[in-house]
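# Summary of the model geometry
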Amino acid sequence: MNNIRVFSLYSGSSGNSFLISAPCGSILIDAGKSARRLCQSLQSVGVSPDDLKAVLITHEHSDHISALPIFLKHHPVPVHLPVGCCYKLEKEPTVSPYLRPHPLEYTEEIAGMRISSFATPHDSNASVGYCIEIPVGDEKSLRLGYATDIGYVTDVIEKHLTGCNAVILESNHDPEMLRTGPYPYELKRRIASRRGHLANGDSALLAARLCASGTKSLMLAHLSAENNTPEHAYDECFCAVGDASVKICIAHPEEITELPLEVCV
């Protein structure tokens, strides 16, 4: 795969960060948890924090940005994000010089990768997903789609993910587990709303449509620890996709998970 590797460093309500490592450089999507934990995770997969070319932020909730103030103090790197998310980060003196705000939909080349963002529905000031196109030689490319923290599947999301070889997709909760679980009513309502998080069934239906259009590798991400299990998410997705040749994996909340790419191109 021309040394292209994609990792979930960790994924869940306590923190999210994903690494895309390619021949021309590496980028992060989101930077949750702590700077120490982020650096440890990067080093464990053989990537120096100083080698990062950019951090792409999906939205301004703390589980996606909490590592940035300390991390950027020691490892300065451009931070690309929707302009609506800047208000929370521009107050941080170690972060504000590196902010590169963009509209919800934009395209830019970073480290030899063509990166496009698209709007996603979430209860943040602004929220995006990403489509990343990475050259693999002979005028071919690997297309990686990323969409988590989405209340429902919009036409915009599906349009940008369709045709991707590999997709990282939210599968946050099982509706029955959420309904009968310990969360307060208002939090349950927020999670299940159209600006909350994607249920397993909705994720699985989208996954099936994407795989019918050529997606060969899926990572299910941002699973709720209280309202889901890896088995629930995997089983719904596997049954909906109905194709044993599609590789499906689950992003672990605390451990590194690699997205299999050998079947993608």
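Let me sum up the structure you'll find in this document. (Residues numbered from 1 in each chain as written. Predicted model: local features only at pLDDT ≥ 70, side-chain atom pairs only at ≥ 80, totals over all residues. Heavy atoms only, no water.)

## Focus on the pairing of strand 1 (residues 5–10)
Threshold: Each residue gets one of three labels from its accessible area relative to the maximum for its type: buried under 20%, exposed over 50%, partly exposed in between, using a 1.4 Å probe on protein chains only. Per the convention used, a helix needs a DSSP run of H or I reaching at least four residues, while a strand needs a run of E reaching at least two, with both numbered from the N terminus. Strands qualify as paired when DSSP identifies two bridges or more between them.
Within strand 1, 5 of the 6 residues are buried, leaving the element largely enclosed by the surrounding structure. Sheet analysis places strand 1 next to strand 2 (residues 17–22), joined by 5 bridges and oriented antiparallel. Bridged to R5 within strand 2 is S21. Here strand 1 folds back onto strand 2 in antiparallel fashion, the turn holding 6 residues, of which G15 has a positive phi close to 160°. In terms of strand pairing, strand 1 meets strand 14 (residues 257–258) through 2 bridges, oriented antiparallel.

## Details of the packing of helix 8 (residues 200–212) against helix 9 (residues 230–241)
Here is the rule we go by: Only the stretch in contact is used when a helix axis is fitted, and all axes are lines through C-alpha atoms; the angle between N-to-C directions ranges over 0 to 180 degrees. Crossings are assigned a handedness: left-handed for a near helix turned anticlockwise from the far helix by less than a right angle, right-handed for a clockwise turn. In this analysis, two residues are considered to be in contact whenever any of their non-hydrogen atoms come within 4.5 Å of each other. For this classification, Asp, Glu, Lys and Arg are treated as charged, while Ala, Val, Leu, Ile, Met, Phe, Trp, Tyr, Cys and Pro are nonpolar and the rest, including Gly, are polar.
Running from amino to carboxyl end, helix 8 crosses helix 9 at an angle of 35°, the nearest separation of the two axes being 8 Å. The way helix 8 lies across helix 9 gives a crossing that is right-handed. Of helix 9, the residues touching helix 8 (which contributes N200, G201, A204, A207, A208 and C211) are H232, A233, E236, C237, A240 and V241. Along the lines of polarity and charge, the residues of the contact of helix 8 with helix 9 split into 8 nonpolar, 3 polar and 1 charged.

## Brief notes about helix 9
Definition in use: One less than the residue count of a helix, multiplied by 1.5 Å, gives the span that helix is expected to have.
Compared with an ideal rise of 1.5 Å per residue, which puts 12 residues at 16 Å, helix 9 spans 16 Å between its outermost C-alpha atoms and is within 8% of the ideal. At its buried positions, helix 9 is contacted by helix 8, strand 12 (217–221) and strand 13 (247–250). Looking one or two residues beyond helix 9, the residue adopting positive phi is G242, at roughly 65°.

## Some details on the environment of S66
What counts is decided by this rule: Definition of a polar contact: a pair of N or O atoms within 3.5 Å, with one able to donate and the other able to accept a hydrogen when the atoms are protein atoms, and with sequence-neighbouring residues admitted only if both atoms are side-chain atoms.
Relative to the helices and strands, S66 resides in the loop between helix 2 (62–65) and helix 3 (68–74). Once the C-alpha coordinates of S66 and T215 are considered, the two residues, 149 residues apart in sequence, prove to be 32 Å apart. In this structure the side chain of S66 is engaged in a polar contact, spanning 2.6 Å, whose partner is the backbone oxygen of K33.

## Regarding unusual backbone geometry
Negative phi values dominate among residues other than glycine, just as trans dominates among peptide bonds. Its identity as a non-glycine residue notwithstanding, D30 has a phi of 70°, on the positive side. The residue D30 is located in the loop between strand 3 (25–29) and helix 1 (35–44) in this model. Given the relative accessible area of 0%, D30 is considered buried. You will see that H222, though not glycine, has its phi angle at about 55°, which is positive. The residue H222 is located in the loop between strand 12 and helix 9 in this model.

## Focus: the sheet that holds strand 7 (residues 107–110)
On the basis of which strands lie adjacent, the open sheet formed by 7 strands has the order 7-8-9-10-11-12-13 and mixed pairing. Single-partner strands in this sheet number two, and they are strand 7 and strand 13. For this sheet, the mean angle separating the axes of adjacent strands, direction not counted, is 20°. Examined bridge by bridge, strand 11 (residues 166–170) and strand 12 share 5 bridges and lie parallel to one another. Residue pairing across strands places E170 opposite A221, the latter belonging to strand 12.

## Overview of the packing of aromatic side chains
Working definition: an aromatic ring pair is given by the centre-to-centre distance plus the angle between the planes. The criterion, for reference: Aromatic pairing here means that ring centres of Phe, Tyr or Trp (its six-membered ring) are within 6.5 Å. Orientation follows from the plane angle: under 30 degrees is stacked, over 60 is edge-to-face, and everything else is tilted. In this analysis the charged atom, NZ for Lys or CZ for Arg, is taken to sit over a ring once it is within 6 Å of the ring centre and within 35 degrees of the ring normal.
Within the structure shown, the criterion is met by 2 aromatic pairs. Ring centres of F18 and Y146 lie 5.1 Å apart, and the angle between their planes is 75°; this geometry places the pair in the edge-to-face category. Placement of the pair is F18 in strand 2 and Y146 in strand 10 (residues 140–147), with a sequence separation of 128 residues. Of the two residues, F18 and Y146, neither departs from the other in class, the shared state being buried. Residues Y234 and F238 carry aromatic rings whose centres are separated by 5.8 Å and whose planes lie at 10° to one another, so their mutual orientation is stacked. With Y234 and F238 both in helix 9 and 4 residues apart, this pair spans about one turn of that helix. The partly exposed category is assigned to Y234, whose relative accessible area is 30%. Here the basic side chain of K33 rests over the ring of Y10, its NZ or CZ set 5.4 Å away from the ring centre.

## Here we look at the layout of surface pockets
Selection rule: Here the term cavity refers to a set of points on a 1 Å grid, laid over the protein atoms alone, in which a 1.4 Å probe fits but cannot get out; the term pocket refers to an open set having protein on both sides within 12 Å along at least five of seven lines, with lining residues being those that place an atom within 4 Å of a point. Grid points are joined across faces, edges and corners, and a volume is the space filled by probe spheres set on the points.
Counted as a void, the largest pocket has a volume near 250 Å³. Residue lining of the largest pocket: 20 residues in total, with S13, D63, R190, H197 and H222 positioned closest to the centre. Secondary structure elements with two or more residues in the lining of the largest pocket: helix 2 and helix 7 (185–192). Tallying contributions element by element places helix 7 first for the lining of the largest pocket, with 3 residues.

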